[in-house]
Amino acid sequence: MRPARLIIAASAFLLACCGEVPEGALTRAGVTTRPCWGEDTMSGATRCALGEAQAAQVRLEQLMAELEPSLGPARMEELREIQRDWMQWRHRHCTWDAAPHAGKTMQPIWYASCVAAETQQRIDALKYHLCEGAGMEGDCEASRRYDP
C-alpha cells in the first residue's frame, strides 16, 4: 500500500469514527489538498471522491481532444486504442487495489481515489505531447494547464 493512500484511508476512518483528521496528516503524506476530507459523513466523502475521479476523467478527455490536432489522424487513432486498453487496466487495477475493503464503507472511496490518482498519472504522462518535441525540452505553457 502506498504511504499516501494509507494515510488517506486512515484519515477517512478517523473522520468516520471521530469526526476529525489530525492536522497536517494529509500534507505529510504528500497530499496538498483535501477537498473530500471535510465531509461530515462517509457517504459525503464517497460522493466527493467519486466527483474527484470524474473530474480527473474530464481533464483526461480534454487533454485527449487537445492532443488530436498535433498528433494527426494515425497517431491519434493509435493513442485512442492505447487509451481503451489503459482504461481497462485502470479499472482492473483499482478494483484489485480496493478489494481488501470490499463490503466496507471505505471501498468506494478507495476505488475512486485510485481512479483519480491513476488518471492524474496518465495526464502527467501525456501532457508533454502538447509541447514542441513531445516535451524533450521540458514542460510548456500548454502542458502546465494540466498540472494538478
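See the structure above.
Scoring rules and cut-offs
- Residues numbered from 1 in each chain as written.
- Predicted model: local features only at pLDDT ≥ 70, side-chain atom pairs only at ≥ 80, totals over all residues.
- Heavy atoms only, no water.
- Core = buried A, V, L, I, M, F, W, Y, C linked by side-chain atoms within 4.5 Å.
- Buried < 20%, exposed > 50% of the residue type's maximum accessible area, 1.4 Å probe, protein only.
- Helix = DSSP H or I, 4+ residues; strand = E, 2+ residues; numbered from the N terminus.
- Contact = heavy atoms within 4.5 Å.

Caption draft 1: Layout of the nonpolar core. In terms of nonpolar packing, the biggest core is built from 15 residues, with L63, L67, L79, L126 and L130 touching the most fellow members. Of all the elements, helix α3 (residues 42–98) adds the most residues to this core, at eight residues. Here L79 is in contact with M64, L67, L71, R122 and L126, once residues within four sequence places are set aside. Counting residues in each nonpolar core, the second largest holds 13 residues, with A45, A49, W110 and V115 among its members.

Caption draft 2: Structural detail: the environment of C48. Among the secondary structure elements, C48 is positioned in helix α3. By relative accessible area, C48 is classed as buried at 16%. Considering only alpha carbons, one finds C48 and A112, 64 residues apart in sequence, at a separation of 9.2 Å.

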